[in-house]
Each structure stands twice: as structure tokens, then as C-alpha cells.
Amino acid sequence: MAGLATSFGSGAMTNPMDDVAAHSQAMLVIGSNTTEQHPVFGTMLRQAVLKRHAKLIVADPRKIDLTEFATLHLRLKPGTDIALLNGLMYIILEKGWEDKAYIAERTENFDEFKANIMNYPPDAVSETTGIPVEQLYEAAEILATTKPASIMWAMGITQHTVGVQNVMTCANFQMLLGNMGVPGGGVNPLRGQNNVQGACDMGGLPNFYPAYQWVNQEPNQKKFEAAWGVSLPANIGMTVTEMMPAAANGKLKALYILGENPIMSDPDTNHIRHALDTLDFMVLQEIFPSETAEYADVLLPGVSFAEKEGTFTNTERRVQRVHQAIQPIGNARQDWEITQEIARRVIELGSRKPSDAPHAAWNFTSPADIMAEINALAPSYAGISYERLDRGERLHWPVKDAEHGGTPILHVGKFARGLGKFAATVHVPPVEMPDNDYPMLLSTGRVLYHWHGGEMTRRAEGLMEVYGQSLVELNPDDARRLGVNGNKRVRVASRRGVIEAEAWVTDRVPPGMVYANFHFPEVNANQLTIAALDPIAKIPEYKICAVKVELVK
Ligand SMILES: Nc1nc2c(c(=O)[nH]1)N[C@H]1C(S)=C(S)[C@@H](COP(=O)(O)OP(=O)(O)OC[C@H]3O[C@@H](n4cnc5c(=O)[nH]c(N)nc54)[C@H](O)[C@@H]3O)O[C@H]1N2
Ligand SMILES: Nc1nc2c(c(=O)[nH]1)N[C@H]1C(S)=C(S)[C@@H](COP(=O)(O)OP(=O)(O)OC[C@H]3O[C@@H](n4cnc5c(=O)[nH]c(N)nc54)[C@H](O)[C@@H]3O)O[C@H]1N2
Ligand SMILES: [Mo]
């Protein structure tokens, strides 16, 4: 989420989970199936509702479990979040509920923002989103008059071609109400993987060195060249979603993949197969022979979390120690060791011109050595050491030095960039909407029992007993129309592919919408999804494409 990094640090939660759970009086969960996909935090939110009567509003096209605890379920049409939030802000401004002192003191660009909001009156917003006008007023009142209020979101608003605009709209919302930089408030993206935050923090993005230092700014380039003893390019690289088309058209020749399973998880699988087929050379570092392994020239056995020493950084910017529990199995080696061995050989072969500086990098003997380099080069991690973590200190970055206690809440008193900048965001429909040929809308995501490509969870017997095959959620009205009765097998086809699966007839999905997951190879939703990208973050529009559904006779 490169785009977020520029405006809000990195796209991490501004407020810790227990702060939200303890202090938020109102909570808006928009595009997050929190109890299934972030069950620990989901339980905390549920407890906040049940025990201290915090008000919960859920904005989701599906009737997810969390809606049972919600004061209000805004069942919006998929892909209409900007219209919804701008519409709520219209009402807030109309009623004079905005935090005028906060806006004057801490923000800029309010006038341009306000002029744009005037394009979203309740009637028009109700038409676009499908939400009744009364519910819009009710939601605006709860969120504006109950302080502090927090917003939580996940992939339901980011996996769209307007993903970045959606997030900026959430930030506008919280600035308008003075909910940024206060306990119980904030903008809180719930990041998905155990260490996706850490991977981004460490420069696992095409535009940043560790700690969000731009690769195309010369002082940063010089700093890392000196530290690593190599010359470094000044240009911004490609995201994963740009690499695949580049592979398909021969612009990218070789790929080194660590712990990703693109055959299962990238949009439009047929296109991905072609891309990986076209590569001259591919290396895969994995813990299992995944579907993607079939395309690899070399397989490198890495190790799982249980065989690792190090740290994971979670969604609330908290760095936590991981202790090795078991010895690596078979010929597996530490992931960092494998990468270091490859890096050394690449440097020896001279594909990067070594500078005159002594070659300082790639001499690590342990993860603690790597952390020492991080301390020296990544300012927000400067004061994070294994020693402090092992003592039980709770450290949320930025941690400026060994004495600094960390930063649980971001933007207190002042935004990272100075003044918080309001943005004018505009509702734009998704790229591929239902039409005569493909009349239904497909949305995709996960279920509680499985993890993405299922490489680990499909190997767990207990989980397979509970959820042993992929189900496609189908509304009872649509099921009746299709003639689904005893036989529940349906064929779901898009312009890119087709899957056959068992239907789960349920009003979790509204009429006209089906919901599928990508946990099982033979019924993978990504056979169907479209590789349309957000122009800034390059995240695919996994949440919306057009399909037709038929009964398998
Ligand atoms: N069990 C389990 N847990 C996981 C994962 C897993 O694979 N399995 N994966 C992890 C990862 S990496 C991630 S990123 C997270 C993802 O966590 P989530 O984003 O919570 O998971 P998704 O299943 O993608 O569902 C997102 C929600 O958005 C809703 N939605 C769809 N379209 C729209 C829309 O246009 N607007 C709004 N407002 N809502 C919409 C869907 O109905 C769904 O309830 O989960 C993490 N946790
Ligand atoms: N249709 C659709 N597609 C989606 C999404 C969606 O909502 N809808 N969500 C997207 C999102 S948010 C995400 S995060 C991606 C996830 O996409 P991926 O990251 O490709 O999915 P995973 O199954 O988590 O793949 C991780 C792989 O790493 C391996 N692995 C696990 N631990 C280790 C380790 O310690 N070392 C090494 N070397 N390997 C390891 C596992 O065996 C697994 O095969 O999927 C995306 N794809
Ligand atoms: Mo994710």
C-alpha cells in the first residue's frame, strides 16, 4: 500500500487494538469481516459492544457475523464506499457537527474538500449506495455525536480500483470529526498477514528503503550505498501486480519468489500461468511444494514460523519477538540464510558493481545482527532491540532511540506531515459491472477456516473436517431463480475463466451477488477475477467483477 505510506506513515493502525477496544465510544467497521479474519480483535470489538455498550456500525454488502452485534448495518452496494462516506460527511456538515476548532488548527484544504462533499446529498447517495436516507442520517448522527469514534477497515475497501481513494475518504472523515491523534479514535487498517507490516517497514515495496525512505531521493540512495557497499538504482521498481504482466510480455525474465503462491492468490489465474510459463527462470522459496512450485526451475526449502528466530511487526506497529520452537525439518534452512547466500553469490558474479567502500552487508550471523543493521538504518526502528523486547517492553514504532518508549498512538498533537490534508475524493464505479452477458456480481475473500491458497490449512485434518470444500455463497432468491434445490452444484463463469462449486444458499449475500474464496485449487475464485489495478497502490479489484451463474445439470 505504497500510496498510504506517504500520507499516513505506512498504512498501519494509528491506534492500538486495546486502545480501540477500551476507549472507542463508536466504531465504524467498513469492509472488514473482523470476527472471521481478525478473530482476536473481532472478539475485542464484540466485547466492547456487549460490555461497555460502544456503538458499532458495520458497512458491508454482506450480512457478516459482526452485523449481529451492530447498532446499524449499512448494507451498501459493493464499490460505493466513497459515495457512502461523502454522503455521511454531507449530513455532518449540514448539521454543523464537524469539529471546527480541530479543522482550523490541524488541517488544510478544507474548502476544496467541502465543495466536493456538496456533490453528495442524501437522495443521490441513497440511490448510488442502496442505503435508505433515514439510515444515512442515523449513521451520521451516531458517528458525529459519539466521541471518540474509530474507523476500522480491511480488504473490503482496499481491493478496488479506488482503494487508495477509499482510504483517503476514511482519513477525511476522521479529520472532520477531530478523531485523529486521540485515544479511542483513528484510522485503523487491519493488516492481514502476521508480518506484512514488518515486510513493508523493511522496504518490501518497490518505492521505499526500510522505514519508508524513498528510493528515488538521493540522500537515501547515498545512505544505503554507503551502508551496503554497492551502487543502487534510483528508480522505483515494479509491484507484484506489475511484474506479472511484465513477465507475460517478456520484459521481466527471471523471478525469485519467497513465501507467495501467485497461482492461487493473484487475479486472473490463466494470465498468471501464462506469465510464469513465459519466464526464463524462476526460483521459489517455500515450505511446501505449492501450485506455484510447478513453474519453478529451482525450489529452495525455507522454514516455517515455528523454526524461526526474529520479530514480526503487527498491524498496530508493534514489534514482537518470535522464538524458535523446533529445529528445521529435513534440508530446510533459515529464509534469511538462503537469501544471504544468494546475495553473496550475486555480488561475487558482479551483477552489481561493488563500490570502493568495504563490503559491509550480507555478513549476518544471526537475526540479531540483522536487527542491529535495522537500528542503524531505519529511524523508526532505531530503539528496538531484542534485549528490550525480551524484557517484555511493548514497543510500537516509531521508537526513536534506546530510551524512547515507542508511539502507541500516531499523530497526537500534530500529523506526521504537519497539517492533515483533506482530499477531494470522487465515486467512480468498478471497472467491470454486471451486464446482460454476465448479470451477477462476484465478490471474493476468505473464510474463517482457511488461509489464502490453503497450502497450510488444507494440510490440517481438523480444518478439512469442518470446511473440506469451497462453497459459493448464493442468495435464496437467486437460488430459486436458477432452480437450485437438492443439487447445489453451480457453474460460475466470468470473461476469464470458470469454476464449479457447491452453492451455500444464504442471505449473507444480497440478491445479485455471489461470494467465493481462493482456498482450493480446483474452485479458485481467481480463475474469475479481473486484474484491474488501483493506479497508485496497484492493488487488484478482487472485490468486484461480473459473472454468470448456472446450475450444473
Ligand atoms: N481465516 C483467515 N483469516 C485471515 C486470512 C485468511 O486467509 N484466512 N487472511 C488475512 C489477510 S492477508 C487479510 S488481507 C485479511 C483480510 O480481511 P478482510 O478484509 O476482513 O477479509 P475479506 O474476506 O477479504 O473480506 C472483506 C469484507 O469486505 C466486504 N466487502 C466486499 N466488497 C465490499 C465493498 O465494496 N465495500 C465494503 N464496505 N465492504 C466490502 C466483504 O463482504 C467482506 O466481509 O484477513 C487476514 N485473516
Ligand atoms: N480473489 C482474491 N484473491 C486474493 C485476495 C482476495 O481477497 N481475493 N486477497 C489477497 C491478499 S490480501 C493476500 S495477502 C494474498 C495472499 O497471497 P499469498 O501470499 O500468495 O498466499 P499464501 O497462501 O499466504 O502464500 C504464502 C505461501 O508462503 C508459504 N510460507 C508460509 N510460511 C513461510 C515461511 O516462513 N517461509 C517461506 N519461505 N514460505 C512460507 C506458504 O506455504 C504459502 O504457500 O492473496 C490475495 N489474493
Ligand atoms: Mo492480505
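Residues numbered from 1 in each chain as written. Chains lettered and ligands numbered in written order. Predicted model: local features only at pLDDT ≥ 70, side-chain atom pairs only at ≥ 80, totals over all residues. Heavy atoms only, no water.

Those residues carrying the UniProt feature "domain: Molybdopterin dinucleotide-binding" (unreviewed entry) are residues 441–546 in this numbering. In this annotation, residues 441–546 is assigned 12% helix and 27% strand; the end-to-end C-alpha distance for the span is 5 Å. (UniProt positions renumbered as here; feature names shortened; annotations may be inferred. Helix = DSSP H or I, 4+ residues; strand = E, 2+ residues; numbered from the N terminus.)

Per the UniProt record, "domain: Molybdopterin oxidoreductase" (unreviewed entry) is found at residues 12–344. Annotated as residues 12–344, this span is 43% helix and 15% strand, and its ends, taken at the C-alpha atoms, are 33 Å apart.

Before going further, it helps to examine the packing of helix H5 (residues 81–95) against helix H8 (residues 122–129). Where H5 meets H8, the closest approach of the two axes is 9 Å, and the angle between their N-to-C directions is 160°. Of the possible angle classes, the one that applies to H5 and H8 is roughly antiparallel. Seen along the crossing, H5 lies across H8 with a hand that is left-handed. Taking contact as the criterion, the partners of Ala83, Leu84, Gly87, Tyr90 and Ile91 in H5 are, on H8, Pro122, Val125, Thr128 and Thr129. For the contact of H5 with H8, the per-class residue count stands at 6 nonpolar, 3 polar and no charged. (Axes fitted to C-alpha atoms, helices over the stretch in contact; angles between N-to-C directions. Parallel < 35°, antiparallel > 145°, perpendicular 65-115°, else oblique. Left-handed = near helix turned anticlockwise from the far one by under 90°. Contact = heavy atoms within 4.5 Å. Nonpolar A, V, L, I, M, F, W, Y, C, P; charged D, E, K, R; others polar.)

Quick look at the pattern of salt bridges now. Pairs can form between side chains of opposite charge whenever their charged atoms are close. Taken as a whole, this structure holds 31 salt bridges when the rule is applied. Among the ionic pairs, Arg318 bridges to Glu316, the shortest N-O distance being 3.9 Å. Put simply, Asp477 and Arg480 hold a salt bridge, and the shortest N to O gap is 3.3 Å. Of this pair, Asp477 and Arg480 are both found in helix H21 (residues 476–482), 3 residues apart, which corresponds to roughly one turn of the helix. Here Asp477 falls in the partly exposed class, since its relative accessible area comes to 41%. One network of salt bridges, in which partners are shared, links Glu36, Arg62, Asp65, Glu473 and Arg508. (Salt bridge = Lys/Arg side-chain N within 4 Å of Asp/Glu carboxyl O. Buried < 20%, exposed > 50% of the residue type's maximum accessible area, 1.4 Å probe, protein only.)

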